[in-house]
Amino acid sequence: MNIKRALIILTIIPSLIACKNKEVQQESNSSAEKQWWKEAIVYQIYPRSFKDSNGDGVGDLRGIISKLDYIQSLGITAVWLNPIYSSPNDDNGYDVSDYRNIMKDFGTMKDFDELLKGLHDRKIKLVMDLVVNHSSDEHEWFKQGRSSRTSPYRDYYHWWNAERGKPPYRYSLFDLNHDAWRYDATTNAYYLHYFSRKQPDLNWENPKLRQEVYNMMKFWADKGIDGFRLDAFQFAAKDTTFKPLPKGYEKNFTQYYAVQPGLHKYLREMNDQVFSKYNVMSVAEGAGRNLQDAHDMVDADRHELNMAYAFDAVDLAKPNGYSLVKLKQVFTHWDSAFADKGWLSIFLANHDQARLVTRFGNDSPQFREPSAKMLATFIMTMRGTPYWYNGDELGMTNIRFTDVKDYRDVQTLNEYQNQKNKGADMNAFMKQIAFSSRDNGRTPFQWDASANAGFTTGTPWIKINPNYTSINAAVEEKDANSPLSYFKKIVQLRKDNLTLVYGKYTLLDKGNDKVYAYLREGEGKKMLIVLNFSKDSAETNLELNIANAKVLMDNYAAGSSVADANGHIKLKPYEAVVCELK
Ligand code: GLC
């Protein structure tokens, strides 16, 4: 062999090997790689409002157990439970006083084990909320830490001794006056709480605290749960030098409050100690300050999380409507950013939002049903893991309280007081919260037309929407054309078509302000989804040959949309059509 040839081989072989390795690596972290959590359809249950089994007016675990057949009938494949741990309920369970026990209102650990088994028997996974940016001020760690400056638990939280003067201002999302530092006379010091004063922030810079959290996560993972939803975790990594905030900091809020470099370190450590050891999925509430943060959190090579959810889309809904073109831009932007690598969550509703059909559809008697079905079609046909909030499958609507006494949510009530103290226009504020308060999404699940919607035999902890007599599961189960029956079909369509999970997404007719149309291609199929987001008839020109399109779903009687072979389609108000293109 001559030297020249040998040199060529020596240089070519390693680069071939490198190339091959790269291929393997790319394959293993590409968006197209199959994973159970990508194919999951997650149904979120707000236990407090789902079903009460003992007549105390509060939903509970045995209530959920009694409705397992309903949950299974939806066809969903995973349940995400809002926090069920011991809690004094300042923020409905997001203030945990014991991470290894069940809230008294909700039942016992035995009930939990039975629920987990009931779900697993039905091949449904269970994802638990993990609330570790903060605990309750009634957690033993905080009680000990607050008792003395030398307590071994002092450094589990953030304290600022009063001799240093008042701490630099930090914004509290929930508290009166939005002051995130609370003075505590016992040790003449302030503690930090980004949420309510009963939710002191945990100090993630303390390795002992981190270890406690990982051990607690293992406790639940050992029980066999299938995933964790990390609540407000981006706030865990903060700038603890607490520099005074510059002018205009509000515009760049998270820059100072959250997503500091420590975040990735903590997530990797959590992955190493917990996620990597179990077959669990992980999803973060919030997707960072920018796309890079989001990528870094969910890039499989970095061993942090499986997915995150971003808020840009839910934040668009305002009392006077929203721009569909903007909504399309947001979803398309996020999709393209994760087209090759990483994974996203798809959602437009949860327990922190008012009702889906009120915000993004139309809850008038004429359009509630078609718009609820159209929204279900949207969520179930996008790329990413869909999250669906309980009750939206019935097309439940905002209750629109007119008396502040009816509200229960700490955020809404404190903001009411803040606005009042400021002398704001309280009529305008009441209108605003009738549209946006989280309590709208937390009124009890409407099971049937009996007293209290079949939710409780006692007095419900929050009022029930009076429209339960006509909007309820029992009625909708019997009606083949109800939003509920449609929801089951669209869920099944997603399960039958991996194209809807992994297929490439392409936006069509992007400037159309009424119609959202897109293609999903892959897994051997090409599917077209056309959704009229408006209360008017609408048209779209897709410039696409749809001559042989086969309609798979239509939320009106099949075939009511009119199309010509060139892709010019006329749709009824809120019409949703899914077809397969040949
Ligand atoms: C998250 C939860 C919300 C809670 C807050 C504080 O945003 O979704 O319900 O109030 O964190 O824990």
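Predicted, not measured: the structure shown is a model, and the values here were computed from it.

**Notes on the UniProt feature "domain: Glycosyl hydrolase family 13 catalytic" (unreviewed entry) in the chain**
UniProt's feature table lists "domain: Glycosyl hydrolase family 13 catalytic" (unreviewed entry) at residues 44-442, given in the numbering used throughout. Here residues 44-442 runs as 33% helix and 12% strand, with 12 Å between its end C-alpha atoms.

**Observations regarding the sheet that holds strand S7 (residues 181-184)**
Within a sheet, each strand pairs with its neighbour through backbone hydrogen bonds, oriented either parallel or antiparallel. Across the sheet, three strands lie side by side as S6-S8-S7; this open sheet has antiparallel pairing. Taken across any chain shown, the strands that pair with only one partner, and hence form the sheet edges, are strand S6 (159-161) and S7. Averaged over neighbouring strand pairs, the angle between their axes works out to 30° when direction is ignored. Where S7 meets strand S8 (residues 189-192), four bridges bridge the pair, whose relative direction is antiparallel. Residue pairing in the sheet places Tyr 183 in a bridge with Tyr 190 of S8.

**Section: the packing of helix H7 (residues 207-223) against helix H9 (residues 262-273)**
Axis separation between H7 and H9 bottoms out at 10 Å; the angle between their running directions is 40°. The angle between H7 and H9 places the two elements in the oblique class. Between H7 and H9 lies a crossing of right-handed hand. Across from Arg 210, Gln 211, Tyr 214, Met 217 and Lys 218 in H7, the residues of H9 making contact are Lys 265, Tyr 266, Glu 269, Met 270 and Gln 273. Residues of the contact of H7 with H9, tallied by class, amount to four nonpolar, two polar and four charged.

**A word on the pairing of strand S16 (residues 525-532)**
A large share of S16 lies buried, amounting to six of its eight residues. The pairing of strand S15 (residues 515-522) with S16 spans eight bridges and is antiparallel. Bridge pairing links Glu 521 to Lys 526 in S16. Once S15 ends, the chain turns through two residues before running back antiparallel as S16, passing Glu 523 with a positive phi of about 55°. As defined by bridge partners, S16 adjoins strand S21 (residues 576-581) across six bridges and the pair is classed as antiparallel. Opposite Met 527, over in S21, you have Glu 580 as the bridge partner.

**Details of the site of the ligand**
Every one of the 13 residues lining the ligand counts as a neighbour, but Asp 91, His 134, Asp 231, Glu 285 and Asp 352 are closest to it. In this structure, an oxygen atom belonging to the ligand sits 3.1 Å away from a side-chain N or O atom of Arg 229. With the chains in place, 95% of the 310 Å² that the ligand exposes on its own is no longer accessible. Residue composition of the shell around the ligand, by class: three nonpolar, three polar and seven charged.

**Describing the pattern of salt bridges**
A pair can form between side chains of opposite charge whenever their charged atoms are brought close. For the coordinates displayed, the defined rule picks out 37 salt bridges. The salt bridge involving Arg 146 is made with Asp 184; its shortest N-O contact spans 3.1 Å. Of the two residues, Arg 146 is situated in helix H6 (residues 140-147) and Asp 184 in strand S7; the sequence distance between them amounts to 38 residues. In this structure Arg 146 comes out as partly exposed when scored by relative accessible area, which is 22%. Taking relative accessible area as the criterion, Asp 184 reaches 8% and is therefore assigned buried.

**Observations regarding the sheet that holds strand S19 (residues 562-563)**
Taken in spatial order, the three strands of this open sheet run S17-S20-S19, and their pairing is antiparallel. Here the strands that pair on one side only, and so sit at the sheet edges, are strand S17 (538-541) and S19. Sheet topology places S17 next to strand S20 (residues 568-571); four bridges connect them, and they run antiparallel. The residue bridging Glu 539 from the neighbouring strand is Lys 570, located in S20.

Rules used throughout
Along every chain, residues carry numbers that run from 1 in the direction the sequence is written. Totals for whole chains, interfaces and linings use every residue, but because this is a predicted model, local features are given only for residues with pLDDT of at least 70 and side-chain atom pairs only at 80 or more, for both listing and counting. Derived side-chain values reflect all non-hydrogen atoms in the structure, with water molecules and hydrogen atoms excluded from consideration. UniProt positions are given in the numbering used here, feature names are shortened, and annotations may be inferred rather than shown by experiment. A run of H or I in DSSP becomes a helix once it reaches four residues, and a run of E becomes a strand once it reaches two; helices and strands are each numbered from the N terminus. Strands qualify as paired when DSSP identifies two bridges or more between them. In this description, a line fitted to the C-alpha atoms serves as the axis of each element, helices being fitted only across the stretch in contact, and the angle between N-to-C directions of two axes falls anywhere from 0 to 180 degrees. Angle categories: roughly parallel below 35 degrees, roughly antiparallel above 145, roughly perpendicular from 65 to 115, and oblique for all the rest. Note on convention: near helix rotated counterclockwise from far helix by under a right angle means a left-handed crossing. Clockwise means right-handed. Contacts: residue pairs with any heavy atoms within 4.5 Å of one another. Throughout, the ten residues Ala, Val, Leu, Ile, Met, Phe, Trp, Tyr, Cys and Pro are labelled nonpolar, Asp, Glu, Lys and Arg are labelled charged, and all others, Gly among them, are labelled polar. Burial here depends on accessible area, computed with a 1.4 Å probe over protein chains only, as a share of the maximum for the residue type. Under 20% is buried, over 50% is exposed, and the range in between is partly exposed. In this text, near means that some heavy atom of the residue lies within 4 Å of the molecule or strand in question. Whenever a nitrogen or oxygen atom comes within 3.5 Å of another N or O atom, the pair is scored as a polar contact, on the condition that within protein one atom can donate a hydrogen and the other can accept it, and that pairs from neighbouring residues in sequence are kept only if both atoms are in side chains. Reported accessibility uses the Shrake-Rupley method at a 1.4 Å probe radius. Residues are deemed covered only where the shown protein chains occlude them. The term salt bridge refers to a pairing of a side-chain nitrogen on Lys or Arg with a carboxyl oxygen on Asp or Glu at a separation within 4 Å.

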